[in-house]
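# Structure assessment
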Amino acid sequence: MGSGRRSVGRLCILGYHACVTYQVLARSWRPQRFADLIGQDAVVKTLQNALTGGTLGHAYLFSGLRGVGKTTVARLLAKAVNCAEGPTAEPCDACVACREIAAGSSLDVVELDGASNRGIDDVRELRELLRYRPSRDRYRVIIIDEVHMLTREAFNALLKSLEEPPPYILFIFATTEQHKVPATILSRCQQLEFRPVSTRLITAHLAAIAEQESFGLTPEAATAVARAAEGSVRDALSLIDQLRAFSGDRIDGPAVAEVLGMPRAEQVARLLELLAGGEAADALSLLREELAAGHDAVVLYHEVGHALRRMLHLRLDPELEPELANDNRERLTELAGKLDNTALVRMLGLWVEQEPLVRDGANRELGLEVACLRLARWPVVRDLEATLTGQPPSPAAGGGGGGRRRTTSGSAAAGDSRADSPHPEGSAGRLLSEALWEDRPRIASAVDSAEVVCDDGVVRLVLPADRTGLADYARTPEAMSVLNGTVERVIPDCNGVVIEVEGESGDGNGPLPLSQATEDEGVRLVQRVLGGEVVAVRPDRREAER
Ligand SMILES: [Zn+2]
């Protein structure tokens, strides 16, 4: 489980102080009507259809995370079938049956906890209970929470009741671990799966409660609490209880950050700036400071991911981040301005891939460090990709770092040569170069480096002997296809391209001298990313096969 979860557990100790003086929110805000329940629309709709259509089953199994509303819905269903106005899709919450069920005092609604009623004796008693008709209401409702905890004997005894259920019995089982419930039980139940509640819904719920209960809760704090609750409404409400005990009736972002052990937003932004600029050493030292300050590695990991996501949102549409506090908004907007959408999507993708390393690894801090190192290498990887594909790289943040790299990458280095393109105005070389420049600068650069001759319907690019790297690149199937297409488009009477290297005619397909290979900028970049040294040069396998 994530550390957000662990933080919640740890802070429960604090929460007890709050419980003494007032009823905890999870209890006072337990929904008493289906309409008040959040995040389980599919489940509610299924049950309400069954209630109004007279197709209610005799046994239900509710599965899903804790704190998402399983027991609450079980009680609501008990009310719906036993309400004086029922069976109804929405219990009145006013009749004796409804009020007794809400208070837990109804004789016809039996609630058991699978964890503490595990034995066969309990099940025997239960079966006794099933023999009798309900004392007053329509149904005798048996709710068993954490049903997967029952023993095998208990399950077997239960099975008999499930096979031939009296018509006045309604079983409702709830479990967080459906896979531990025997198949024989599962097959006799209608199964409903409760989803984790979305952060957006929990955030709105918390804001509504804060307004009703008249305590201060900033939008940023509400979102942070909702996120930490990881889909559990109950966890979110317990956290609010703890925060009120901690900081009174004024809950804001920094208070949540402190209680949850979350890093400060500006530190997260700074870390991202360093990572985006490829400044690994500084990023690691900042990371160590944050970890030394007691921030949990998993929480830090998630905060960096959320900040990346927010930066992408801010670029796409600032309205996507309505609850962001102003100072944090400015910081992230500025940082996002230094990158582009493609870069952010790539970085976010890279970061998400590292999650198992941080979450499941034996050493989470080490995992986070590796994740950071991988993200910090992304500008280099991007430059390598740019060199291999001939596309100009997208910008990197962090000013100096990215800029320095760009000037060494192939496409940018070629960037200055176009102004002094060697080909005369209107010549085949110039036409090709201009047509390719915008989208494929590296191929254009090959054209500019070559002597261009139109010969018998074919354009021959003859590159000097010291540009074999560029020639090899131009000969790749992908570059050749671009070149052929461009020639057909812009040079009349020609429909093909041949790449040649000076002095390489006839049997000249031999390997390049080692000294030239190590000078090639593409080779140098590959070496910088992957390490190693050039020990031999072999002809392209594809050429060798020709
Ligand atoms: Zn009622």
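Here the structure is a predicted model, which means the values were calculated and not measured.

## Quick word on the overall build of the protein chain
What the protein chain contains, in helices and strands, is 29 helices and 10 strands. Residues classed as buried in the protein chain amount to 48% of the 546 residues present. Here the analysis covers contacts within the protein chain between residues at least 6 apart in sequence; of these, 71% occur between residues at least 24 apart. When the accessible surface of the protein chain is summed, it comes to about 26300 Å², and 50% of that surface belongs to carbon and sulfur atoms.

## Some thoughts on the sheet that holds strand E4 (residues 169-175)
Taken together, 5 strands build an open sheet; the order of strands is E2-E3-E4-E1-E5 and the sheet is parallel. The sheet terminates laterally at strand E2 (109-113) and strand E5 (190-193), the two strands that pair on one side only. Taking the axes of each pair of neighbouring strands and ignoring which way they run, one obtains an average angle of 15 degrees across the sheet. Relative to strand E3 (residues 140-145), E2 is paired through 5 bridges, and the arrangement is parallel. Bridge pairing in E3 links Glu111 to Ile143.

## Focus on the coordination of the zinc ion
The zinc ion binds to the protein through Cys83 (SG), Cys92 (SG), Cys95 (SG) and Cys98 (SG), with metal-donor distances spanning 2.2 to 2.3 Å. In this structure, the zinc ion is surrounded by 4 donor atoms whose angles at the metal cover 100 to 119 degrees, and the resulting shape is tetrahedral. Each donor residue of the zinc ion belongs to the same chain, with the gaps between them written as C-x8-C-x2-C-x2-C. In this pair, Cys83 is assigned in the loop between helix H4 (70-82) and helix H5 (96-103) and Cys98 in helix H5, connecting sequence segments 15 residues apart.

## Overview of the pattern of salt bridges
Taken as a whole and assessed by the stated rule, the structure comprises 20 salt bridges. Of the charged contacts in the structure, one is a salt bridge between Glu273 and Lys338, with a shortest N-O distance of 2.9 Å. Residue Glu273 is found in helix H13 (residues 265-276), and its partner Lys338 is found in the loop between helix H16 (326-337) and helix H17 (341-353); the two are separated by 65 residues along the sequence. Classification of Glu273 by relative accessible area gives partly exposed; the value is 22%. Among the ionic contacts, a cluster of salt bridges with common partners joins Glu100, Arg136 and Asp137.

## Description of the sheet that holds strand E8 (residues 451-455)
Spatially, the 3 strands line up as an open sheet ordered E8-E9-E10, and their pairing is mixed. The open sheet has two edge strands with one neighbour each: E8 and strand E10 (497-501). On average, each strand axis in the sheet is tilted by 20 degrees relative to the strand beside it, whichever way the strands run. When strand E9 (residues 458-463) meets E10, the two strands line up parallel, connected through 5 bridges. Looking across to E10, one finds that Leu461 is bridged to Ile499.

## A few points about the packing of helix H23 (residues 428-437) against helix H24 (residues 441-449)
Contact pair H23 / H24: the axes reach a minimum separation of 8 Å and the direction vectors enclose 165 degrees. When the interaxial angle is binned, H23 and H24 end up roughly antiparallel. Seen along the crossing, H23 lies across H24 with a hand that is left-handed. For the pair H23 and H24, the contacting residues are Gly429, Leu432, Ser433, Leu436 and Trp437 in the first and Pro441, Ile443, Ala444, Ser445, Val447 and Asp448 in the second. Its residues assigned to classes, the contact of H23 with H24 shows 7 nonpolar, 3 polar and 1 charged.

## Here's the deal with the confidence of the model for the protein chain
Mean pLDDT over the protein chain works out to 81, with 85% of the residues at or above the 70 mark. Note on residues 1-21: pLDDT under 50 across the span, and 32 contacts to partners over four residues away in sequence or across chains. Every residue in residues 398-419 is under pLDDT 50, and counting partners more than four places away or in other chains gives 38 contacts.

## Describing the nonpolar core
Leu272, Leu287, Met311, Leu339, Met347, Trp351 and Leu368 are the most contacted members of the largest nonpolar core, which totals 39 residues. Of all the elements in the fold, those that place two or more residues in this core are H13, helix H14 (280-292), helix H15 (297-316), H16, H17 and helix H19 (364-376). Here this core takes 10 residues from H15, the largest share from any one element. Aside from chain neighbours lying at most four places away, what touches Met311 is Leu272, Leu332, Leu335, Ala336, Leu339 and Leu344. One finds Val197, Ala210, Ala236 and Leu243 within the second-largest nonpolar core, a separate group that totals 28 residues.

What counts, and at which threshold
- Residues numbered from 1 in each chain as written.
- Predicted model: local features only at pLDDT ≥ 70, side-chain atom pairs only at ≥ 80, totals over all residues.
- Heavy atoms only, no water.
- Helix = DSSP H or I, 4+ residues; strand = E, 2+ residues; numbered from the N terminus.
- Buried < 20%, exposed > 50% of the residue type's maximum accessible area, 1.4 Å probe, protein only.
- Contact = heavy atoms within 4.5 Å.
- Areas by Shrake-Rupley, 256 points an atom, 1.4 Å probe, with all protein chains shown as cover.
- Pairing = 2+ DSSP bridges.
- Axes fitted to C-alpha atoms, helices over the stretch in contact; angles between N-to-C directions.
- Donors = N, O, S within 2.8 Å, 3.2 Å for Na, K, Ca; no water.
- Tetrahedral: all angles 85-135°; square planar, octahedral: opposite > 155°, others 65-115°.
- Salt bridge = Lys/Arg side-chain N within 4 Å of Asp/Glu carboxyl O.
- Parallel < 35°, antiparallel > 145°, perpendicular 65-115°, else oblique.
- Left-handed = near helix turned anticlockwise from the far one by under 90°.
- Nonpolar A, V, L, I, M, F, W, Y, C, P; charged D, E, K, R; others polar.
- pLDDT = per-residue confidence, 0-100.
- Core = buried A, V, L, I, M, F, W, Y, C linked by side-chain atoms within 4.5 Å.

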